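# Notes for the structure review
Here's the letter readout for the chains.
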Amino acid sequence: MTESGNPLLIVSPLPHGLPDYPAIKAEHYLPAFRDAFAQQRAEIDAIATAAESPTFDNTIEAWERSGRLLTDVAHTFYTVSSADATPEIQHVDGELAPLMSAHSDAILLDGRLYDRVRQLHAQAGDLDLTDEQRYLIERRFTQMTHAGAALDEAAKARLTAINGRLSVLTTTFEKNLLADTNELAVVFDDVAELDGLGDGQISAAAQSAADRGMPGRFVVTLTLFTGHPLLASLRRRASRERLLEASRLRGSRDGAHDNRPVLLEIVRLRAERAALLGFASHAAYVTSDQTAGDPHAVADLLRRLAVPAARNAQREKAELTRVAEQDGPLPGGIGAADWSFYTERVRAATLDIDTAALRPWFEAERVLHDGVFFAATQLYGITFQERPDLPAYHPDARVFEVTDADGSHVGLFILDLYTRDSKRGGAWMNAVVSQSRLRGTTPIVVNNLNVPQPAPGTPTLLTLDEVTTLFHEFGHALHGLFATVTYPTFAGTNVFRDFVEFPSQVNEMWIFRPEILTNYARHIETDEPLPASIIARLEASSTFNQGFATSEYLAAAWLDLAWHSLSVDEARSVSDVAAFEAAALGDIGLDEPAVPTRYSSTYFAHIFSGGYSAGYYSYIWSEVLDADTVEWFDDNGGLNRANGDRFRQRLLGVGGSKDPLEAYRDFRGRDARIDPLLARRGLQP
């Protein structure tokens, strides 16, 4: 294949650096990656062997300039591999994983490069540098040290082997999970089994069945987390139980998609790597370079929250039992498949809110334009124009140009709303292009959700949870769009893992604000706004079911910490995944069967195929900052440009170019307090 024949190796003809996805085929990726690897290795070798003494320009900045092609090709590929993983793309992903790992290790473990960075780190206080440049030296030195650059050659060789194997295993975990999730989608033969669902939901299930060659039947696809949105509406207990059972089986059946041996090997290798690097556990290794500092701080927070959360969940269960038994005996009592259904009954009885009945007020286009985009315009002055002339990586993915208040171009935003068999579960944001003054690039960011797609001509009506997810992921998108930095290392959401969820959680605050809600929550047929009485009840119900919600999250965060706090010997001794889970959840008191962990290990993609290993705690850790920030907005007038500009400039705009807690103090004027979080979740003593 000649260079001119590979669209990844030429400048895209599309505006703003958008990859020419229609021209890119699966067979183009590996040759482009190989060229990109060779190019950056030559660039790094030139830096490492330079005769001149190290300076910021000839070492750190030169490193930042290197790998431009690799960055472009990788962002282009990983956007597709997560959202449209065809068999051909999955094959490339499997081939690529060990190559990427080896390339990264070749740079980060290069003793010659490390020596130059170490010299600059020792001299940094005496050099004439900007704050961003000085912080970049600090981060590069920490990154290389943390990666193992100071190890001897034998240890580096073992480390490289571990990293290579882990890259294969994490890719295998995700591939298994995608396949098993598709295979375990629940097939219903009779529409009566879907009693309780709305027309749009039934239409989506019928369309999913038709797409799979099963006309006349109904297929409910699974979500990434344990629970499923339809559990709140399905009236037949048997249907609910089938759906939950399928969800919890993923990755834990004997056969080709069994993730149990995969995750056990991941845990063992991570523990071995941590020991090689001088840490007691993988959790100690990870948290040492996060705002938490060490796993004990994380464990203390989780235990502090678990006791009141479990207590509140038991109170909620008692109330659910009372309501359920009004219909007669419930064999076995409230189970995990019943919780959401009877929660909605209790909500309707005590708060007079039926969340399923709210879906006609949450039409997807209206939520997007008059909710998500409208809030961003009011806060930051940015506007959005759809660009149907710009093709994305899939026909369902839509491109929007984002323009600043002064008319200047900010970036491109891509929304990929609907679920499909080739898309991984969950919701996420990623960058296709990251902003950098050094490289002269503007951002292109993607939001992916997994909303069931109804039949053509049928409007997409969102659940309240899906509305929340859309606002949440757009908070990540804003972070990626607004970060304005010089160096690629600091671009977009490249911040500490236990800080990255903070901006997205803050953006959820606008969902129920009257000036936003009344603008987007209008009935699909009558255009009537959501009644003020319902809005008031929604606001009053902020702590409703928080015992369950907090407990299921904390259970998953604790499982993550438990797996990754194991020493080498402890990790090798674990052979039964289910038994380990049960013991861990019993240890923290979150082993209530009716409140299962949000993710069981075999489908816990965040930690076994994503970037959250020993870091799933970051959601609640960041929520401390989030709740404190919401209090600040409330105290300073709420939704206005002055507040938005301050948040944009002092937090979102700095990307990773500043210590995140320092940036928070600059914005807030002090450290965050935990009290607003405790009040939000109803966890006060």
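Each remark here, short or long, concerns the structure printed above.
Let me sum up the structure you'll find in this document. Keep in mind it's a predicted model, so treat the numbers as computed, not measured.

What counts and what doesn't
- Residues numbered from 1 in each chain as written.
- Predicted model: local features only at pLDDT ≥ 70, side-chain atom pairs only at ≥ 80, totals over all residues.
- Heavy atoms only, no water.
- Helix = DSSP H or I, 4+ residues; strand = E, 2+ residues; numbered from the N terminus.
- Buried < 20%, exposed > 50% of the residue type's maximum accessible area, 1.4 Å probe, protein only.
- Contact = heavy atoms within 4.5 Å.
- Areas by Shrake-Rupley, 256 points an atom, 1.4 Å probe, with all protein chains shown as cover.
- Lys, Arg positive; Asp, Glu negative; His and termini not counted.
- Charge placed at Lys NZ, Arg CZ, Asp CG, Glu CD.
- Expected span 1.5 Å × (residues − 1).
- Polar contact = N/O pair within 3.5 Å; in protein donor to acceptor, adjacent residues only side chain to side chain.
- Axes fitted to C-alpha atoms, helices over the stretch in contact; angles between N-to-C directions.
- Parallel < 35°, antiparallel > 145°, perpendicular 65-115°, else oblique.
- Left-handed = near helix turned anticlockwise from the far one by under 90°.
- Nonpolar A, V, L, I, M, F, W, Y, C, P; charged D, E, K, R; others polar.
- Salt bridge = Lys/Arg side-chain N within 4 Å of Asp/Glu carboxyl O.
- Pairing = 2+ DSSP bridges.
- Arc of directions from axis to C-beta.
- Phe/Tyr/Trp six-rings, centres within 6.5 Å; stacked < 30°, edge-to-face > 60°.
- Lys NZ or Arg CZ within 6 Å of the ring centre and 35° of its normal.
- Core = buried A, V, L, I, M, F, W, Y, C linked by side-chain atoms within 4.5 Å.

A count of helices and strands for the protein gives 26 helices and seven strands. With the C-alpha coordinates of the protein rotated into their principal frame, the extents come out at 85 × 60 × 55 Å. By the burial criterion, 57% of the 685 residues in the protein qualify as buried. Considering only contacts within the protein whose residues lie at least 6 apart along the sequence, 75% involve residues at least 24 apart. Accessible surface, the protein: about 26,700 Å² in total, of which carbon and sulfur atoms supply 51%. Averaging the positions of the 63 positive and the 94 negative side-chain charges in the protein gives two centres separated by 2 Å.

Moving on: helix H14 (residues 364–380). Its 17 residues give H14 an end-to-end C-alpha distance of 22 Å, which sits within 8% of 24 Å, the value for a rise of 1.5 Å per residue. Two or three places before Glu 365, at the opening of H14, Glu 363 has a side-chain oxygen 3.2 Å from that residue's backbone nitrogen. Looking at the residues trailing H14, positive phi occurs at Gly 381, about 80°.

As a further point, take the packing of helix H23 (residues 618–635) against helix H25 (residues 660–668). When two helices pack together, you describe them by how their axes are tilted relative to each other and by the distance separating the axes. Remark: H23 packs on H25, axes separated minimally by 11 Å, with the N-to-C direction vectors making an angle of 15°. The orientation of H23 with respect to H25, classified from their angle, is roughly parallel. H25 is crossed by H23, and the crossing has left-handed handedness. Facing Leu 625, Asp 628, Thr 629, Glu 631 and Trp 632 of H23, the residues of H25 in contact are Leu 661, Tyr 664, Phe 667 and Arg 668. Residue composition of the contact of H23 with H25, grouped by class: five nonpolar, one polar and three charged.

Our focus in this paragraph is the side chain of Arg 359. Along the chain, Arg 359 falls in the loop between helix H13 (339–351) and H14. In this structure Arg 359 is buried but unpaired, with Glu 466 as the nearest side chain of opposite charge at 5.5 Å. Discounting chain neighbours no more than four positions away, the residues touching Arg 359 are Gln 201, Leu 461, Leu 462 and Thr 463.

By the secondary structure assignment, Ile 44 is in helix H1 (residues 26–48). Here Ile 44 falls in the buried class, since its relative accessible area comes to 2%. Spatially, the C-alpha atom of Ile 44 lies 10.0 Å from that of Arg 65, the residues being 21 residues apart in sequence. Excluding residues that lie within four positions of it along the chain, Ile 44 makes contacts with Trp 63, Ser 66, Ile 107, Asp 110 and Leu 113.

On to the sheet that holds strand S7 (residues 444–451), then. Ordered by their spatial adjacency, five strands build an open sheet running S3-S4-S5-S7-S6, and the pairing between neighbours is mixed. Because the sheet does not close on itself, it has two edges, and the strands there are strand S3 (383–386) and strand S6 (428–433). Within the sheet, the average angular offset between the axes of one strand and its neighbour, ignoring direction, is 30°. In terms of strand pairing, strand S4 (residues 398–403) meets strand S5 (residues 409–418) through six bridges, oriented antiparallel. Bridge pairing links Val 399 to Ile 414 in S5. Seen against the sheet, H14 touches S3, S4 and S5 and runs at an angle of roughly 20° to S4. Strand contacts of helix H15 (residues 464–482): S3, S4, S5, S6 and S7, with the helix running at about 165° to S7, the strand carrying the most contacts.

The next point concerns helix H5 (residues 111–123). For H5, built from 13 residues, the straight-helix expectation of 18 Å at 1.5 Å per residue is met to within 8% by its first-to-last C-alpha distance of 18 Å. Among all positions of H5, only Leu 113, Tyr 114, Arg 116, Val 117 and Leu 120 are buried. Viewed along the axis of H5, the buried residues span an arc of 160°, placing them on a single side of the element. Buried residues belonging to H5 abut H1, helix H2 (56–65), helix H4 (87–108) and helix H6 (131–147).

Moving on, we come to the pairing of S4. Sheet topology places S3 next to S4; four bridges connect them, and they run antiparallel. Paired with Glu 386 across the strands is Phe 400, a residue of S4. Linking S4 to S5, which pair antiparallel, is a turn of five residues; within it Gly 407 sits at a positive phi near 90°.

Now for the packing of aromatic side chains. As enumerated under the stated definition, the model contains 40 aromatic pairs in all. Each residue in the set Phe 499, Phe 502, Trp 510, Trp 632, Phe 633, Phe 647, Tyr 664 and Phe 667 is aromatic and connected to the rest through ring pairs, giving one cluster. Positioned above the aromatic ring of Trp 63, the side-chain terminus of Arg 140 is 3.8 Å from the ring centre. In this structure, Arg 250 is placed above the aromatic ring of Tyr 603, and the distance from its NZ or CZ to the ring centre is 4.3 Å.

Side chains carrying opposite charge are able to pair once their charged atoms draw close together. What the rule picks out here adds up to 53 salt bridges. Salt-bridge contacts for Arg 253 lead to Glu 183; the nearest nitrogen and oxygen are separated by 2.9 Å. Residue Arg 253 is located in the loop between helix H9 (237–249) and helix H10 (260–276), and its partner Glu 183 is located in helix H7 (residues 153–183); the two are separated by 70 residues in the primary sequence. The partly exposed category is assigned to Arg 253, whose relative accessible area is 27%. Notably, a salt bridge pairs Asp 404 with Arg 648, separated by 2.9 Å at the nearest N-O pair. Within this pair, whereas Asp 404 is found in the loop between S4 and S5, its partner Arg 648 is found in helix H24 (residues 641–650), the two being separated by 244 residues in sequence. Arg 648 matches Asp 404 in its accessibility class, with the two residues each being buried. Connected through shared salt-bridge partners, Asp 628, Glu 631, Arg 668, Arg 670, Arg 673 and Asp 675 make up one network.

Counting 159 residues, the largest nonpolar core has Phe 362, Tyr 520 and Trp 563 as the members making the most contacts within it. The leading source of residues in this core is helix H19 (residues 546–564), at ten residues. Residues within four places of Tyr 520 in sequence aside, it is in contact with Trp 361, Phe 362, Arg 366, Val 367, Asp 370, Gly 371, Val 467, Phe 471 and Ile 511. In this structure, Leu 8, Phe 33, Phe 77 and Ile 414 belong to the second largest nonpolar core, which totals 35 residues.

These values are about where atoms sit, not about what they do.
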